[in-house]
Amino acid sequence: MFGRVVVALILIPLIIVMVLKGELTFFGALLCIIGGGLYEFYKMIESKGIKVYEKMGIIIGLLIPIIFYVTHQIPEMRDEKISYMVFSFMIIAFITRQVISGEIKEAVTKISYTIFGIIYVSFMLTHILFMKELENGRLWILAVFIMVWASDSLAYFVGIAIGKHKIAPKISPKKSVEGSIAGLIAPVGAMFLIQYFFFFKGIEIGTLNIIIIGIIVGVFGQIGDFGESLFKREFEIKDSGKILLGHGGILDRFDSMLFVMPLVYYYVKYIIVLKLI
């Protein structure tokens, strides 16, 4: 518990400052998170004797945010179709690598697991950069972090205090229905506070959008958490890593963000910005 508190006291203010003010530090931190997350994911897979192209996967995984960042510094290159190019080259690169090696056994398995890691960790987290490009993008990123923290924290404490009914005992034995309900309510409440009392004052979102975004974070943040727990159960490990003391590894801390950030980004871009609701 002490380790968890210390890490939280250091990381939370650091993340807030980087999100609001950082440029290269913000980008560098994201690269570290993606690179570390990919490393943990591939180590999980390899712990079961499954081979992947770890180094190649990490390099390509880091190239996705780098290419997006660089191309968005040049107005003429700001094209969403860049992502199609990246994925096309990625598939070509892996199959070319396999053909050159001449290895036939487990070829599809190696390529599939490696590419899945890139999509699951790198592509999903690169949506943080996508979000940053929107109007008030930095504020939206911070709002998502706060809602996820609120959901995780309230679910954890309510689960400890009154949790009696297991929600998914085979996947995550300690999580309860009561904690899950708290984790659903918390981001809705947090978004209301953000809108009316904190840094979204003056930015009109609308009550219905606040509720929908809070529910998106509450539902899919927990699904992201359960998803990573599912992987850990399959690979028979407790934590994805140990870098964050009592918090486990990078994936243990950012598993909710993998699902939440893309969904909130697309909701903001195509519903709120276009004022469809």
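Described in the following lines is the structure provided in the data block.

## What about the environment of E54?
The residue E54 is located in helix α3 (residues 54-71) in this model. A residue is classified by how much of its surface remains accessible, and E54, at 16% relative accessible area, is buried. Setting aside its immediate chain neighbours within four residues, E54 contacts Y39, Y42, K43 and E46.

## Quick word on the nonpolar core
In this structure, F41, M131, W140 and V144 are the most contacted members of the largest nonpolar core, which totals 70 residues. For this core, the element with the highest residue contribution is helix α10 (residues 250-272), accounting for 13 residues. Residues in contact with V144, not counting those within four places in the same chain, are M131, M257, V260, M261 and V264.

## A closer look at the side chain of D225
Take D225: it is sitting in helix α9 (residues 207-235). Classification of D225 as buried rests on a relative accessible area of 17%. Ignoring any residue separated from it by four or fewer positions in sequence, one finds D225 in contact with K175, D255 and S256.

## Here we look at the pattern of salt bridges
Enumeration over the complete set of coordinates arrives at nine salt bridges. K43 is the partner of E46 in a salt bridge, and the nearest nitrogen-oxygen pair spans 3.6 Å. Here E46 and its partner K43 are both found in helix α2 (residues 24-46), three residues apart, which amounts to about one turn of the helix. On the basis of relative accessible area, E46 is assigned to the partly exposed category, the value being 28%. The salt bridge involving K43 is made with E54; its shortest N-O contact spans 3.4 Å. Of this pair, K43 sits in helix α2 while E54 sits in helix α3; the two residues are eleven residues apart in sequence, bridging distant segments of the chain. Overall, the relative accessible area of 35% leaves K43 in the partly exposed class. When salt bridges that share partners are traced, they join E23, K132 and R138 into one network.

Thresholds, definitions, all that
Residues numbered from 1 in each chain as written. Predicted model: local features only at pLDDT ≥ 70, side-chain atom pairs only at ≥ 80, totals over all residues. Heavy atoms only, no water. Helix = DSSP H or I, 4+ residues; strand = E, 2+ residues; numbered from the N terminus. Buried < 20%, exposed > 50% of the residue type's maximum accessible area, 1.4 Å probe, protein only. Contact = heavy atoms within 4.5 Å. Core = buried A, V, L, I, M, F, W, Y, C linked by side-chain atoms within 4.5 Å. Salt bridge = Lys/Arg side-chain N within 4 Å of Asp/Glu carboxyl O.

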